[in-house]
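# Architecture at a glance
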Amino acid sequence: MSSAPVTSAAPASTGAARRRIGVGLVGFGWLGQAHSRSLQRIPTLFPEREFDPELVVCSDAVPARVDEAVASFGYARGATDWRAVMDDAAVDVVFIAAPNMLHLELIEAAAAAGKHVFCEKPVGGTPEQTVRAERAARRAGVITGVGYNYRWAPLVRYAARLIEDGRLGEITNYRGRFFSTYGSDPLGLLSWRFLVDEGGYGVTSDLLSHSVDLAHMLIGPIARVAGTTATFIAKRPVALPGQGHYGRGAPGDPTGAVTNEDYAGMLCEFAGGARGTFEASRTMVGPESQMAFDAYGTRGAVGWNLERLNELQVYLAEDELHTGYRTVFGGDRFPYHGHFVPGSANGIGFEDLVAIEDYEFCRAIAQERPFAPGFGEAVEWVSVQAALLRSAQSGAWEDVVSLRED
Ligand SMILES: NC(=O)c1ccc[n+]([C@@H]2O[C@H](COP(=O)([O-])OP(=O)(O)OC[C@H]3O[C@@H](n4cnc5c(N)ncnc54)[C@H](O)[C@@H]3O)[C@@H](O)[C@H]2O)c1
């Protein structure tokens, strides 16, 4: 694979040739701050860039977060009303990192104002909202991006290359899972993620969306599914505005009902013939952040797990010793890795994937071309989600009916 070692980065384009990209951001929590740091770091990481991001205005419902965005992150302005972002003539692109059920209204406003939009996954809280969001952006002719950041992991891209080049033979089966521990403590706060009115669907939207999006990239579309969902922790301590899913309450605190699913499981058939299984959970104990996949082919297999972001498990039948899986360490011989650290087995981290996706998204804007994953890819995921939810109701296999309109 080609790589970009720090020591031999592509020649820097001149400042004069770079396009200024004015950024407005809505939702300055975990991911809003991650994108802000990433956009700020781009000039130090990607000397070959054709653009310079400028942090113009940040909006959050919590005033202290707005103050922090201006004081410490370098935004020129802050606002508690997100309309200030859409109305700002200096903003070219709106980054959306607010709770899911706000996505659609924000996207429709940004598109109406002619701004390009990067929205965190899953783009809306329901399949219907994702379809409407894609429609609004397409009709406005703006460029869209979605925060499916695991697509950008250097070793995931290497796995994609192994599959694409046929090194694993024909892929016969695939296993995707996202097991997160964030909801395993019953005293974990009832943040927006656990509420259908604020988060929309639960782990199908929050976690399984990542797993299936990655499978779409690696293996291709899914034709039909049999699915099941469950809620295991019915009540949680209520959260204050701005408190997230990593916060904890205390015994005796007032509680409220969890109104979306904690778990989803799915058996599926890919359009290309491979079979697959997927699971996502936010309440199990054991795995901590296992966003993971295994792809098995007639001549080899690969496995990757976010808990070991800098390792890829590879089995190649062409290896004459048949010594089992090999652990391949990350390093600057893989795409993007050398932009962060040189050499081999000097690891990169979660937020570096956000920096890569932000760099690639801004590059698409600078070049005035579509970006993937965009809202079209988000609709491909919710087409699967809709089939899974139908199957959980019917108890039968359900065909995936594409909701894409473009
Ligand atoms: N790609 C990933 O790996 C990843 C990881 C986590 C979250 N996400 C996505 O990012 C989005 C945000 O998740 P998070 O974990 O950062 O949540 P969070 O709870 O940490 O942050 C959400 C922020 O939105 C703010 N907010 C709420 N209502 C608002 C309004 N009306 N106007 C402006 N701000 C408002 C809150 O005050 C909070 O600061 C979600 O869509 C989530 O699915 C993606």
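Up top you'll find the structure we're talking about.
Before going into details, it helps to say that this report is about the structure given with it. (Residues numbered from 1 in each chain as written. Predicted model: local features only at pLDDT ≥ 70, side-chain atom pairs only at ≥ 80, totals over all residues. Heavy atoms only, no water.)

This paragraph deals with the sheet that holds strand S14 (residues 300-305). Here we have nine strands laid out as an open sheet, ordered S16-S15-S14-S13-S7-S12-S11-S8-S17, and mixed in their pairing. Because the sheet does not close on itself, it has two edges, and the strands there are strand S16 (326-329) and strand S17 (398-399). Across four bridges, strand S15 (residues 311-316) lies against S16 in antiparallel orientation. If you follow Gln313 over to S16, its bridge partner there is Thr327. Helix H10 (residues 375-394) rests against strand S8 (222-230), strand S11 (263-270) and S17 of the sheet, and its axis sits at about 55° to S8. (Pairing = 2+ DSSP bridges. Helix = DSSP H or I, 4+ residues; strand = E, 2+ residues; numbered from the N terminus. Contact = heavy atoms within 4.5 Å. Axes fitted to C-alpha atoms, helices over the stretch in contact; angles between N-to-C directions.)

Another point: the pairing of S11. As a general feature of sheets, a regular strand has side chains that alternate between the two faces. By the criterion of burial, S11 is predominantly enclosed, with seven of the eight residues buried. Relative to S11, S8 runs antiparallel, the two sharing eight bridges. Bridging from a neighbouring strand, Thr228 pairs with Gly265 of S11. Joining the antiparallel neighbours S11 and strand S12 (residues 275-281) is a turn of four residues, in which Gly273 adopts a positive phi near 110°. (Buried < 20%, exposed > 50% of the residue type's maximum accessible area, 1.4 Å probe, protein only.)

In a regular helix each residue adds 1.5 Å, so 16 residues correspond to 22 Å; helix H8 (residues 203-218) covers 21 Å between its end C-alpha atoms and thus fits that length. With respect to burial, H8 is a largely interior element, 15 of its 16 residues being buried. (Expected span 1.5 Å × (residues − 1).)

So, about unusual backbone geometry. Residue Pro122 follows Lys121 across a cis peptide bond; omega there is 5°. Structurally, Pro122 can be placed in the loop between strand S5 (116-119) and helix H5 (127-140). Residue Pro373 follows Ala372 across a cis peptide bond; omega there is 5°. In this model, Val123 sits at a positive phi of 65°, which is unusual for a non-glycine residue. Along the chain, the position of Val123 falls in the loop between S5 and H5. Relative accessible area serves as the criterion here: at 0%, Val123 is assigned to the buried category.

This brings us to the sheet that holds strand S3 (residues 77-79). Here six strands make up an open sheet; going across it, the order is S3-S2-S1-S4-S5-S6 and the pairing parallel. A strand with exactly one partner marks an edge of an open sheet, and here the two such strands are S3 and strand S6 (144-146). Here the average twist between neighbouring strands, direction ignored, is 25°. As defined by bridge partners, S5 adjoins S6 across three bridges and the pair is classed as parallel. In the strand pairing of S6, Val117 is matched with Thr144. Running over the sheet, helix H2 (residues 63-73) touches strand S2 (51-59) and S3 and is turned about 170° from S3.

For the rest of this paragraph, the subject is the side chain of Arg236. Along the chain, Arg236 falls in strand S9 (residues 235-237). Look at Arg236: it is buried, it has no salt bridge, and the nearest opposite charge is Asp262 at 4.7 Å. For Arg236, the side chain forms a polar contact with the main-chain oxygen of Gly183, separated by 2.6 Å. A distance of 3.2 Å separates a polar side-chain atom of Arg236 from the backbone oxygen of Gly188. Aside from chain neighbours lying at most four places away, what touches Arg236 is Gly183, Asp185, Pro186, Gly188, Leu189, Leu190, Phe194, Pro254, Thr255, Gly256, Val258 and Thr283. (Lys, Arg positive; Asp, Glu negative; His and termini not counted. Salt bridge = Lys/Arg side-chain N within 4 Å of Asp/Glu carboxyl O. Polar contact = N/O pair within 3.5 Å; in protein donor to acceptor, adjacent residues only side chain to side chain.)

Just distances and angles here, no functional claims.
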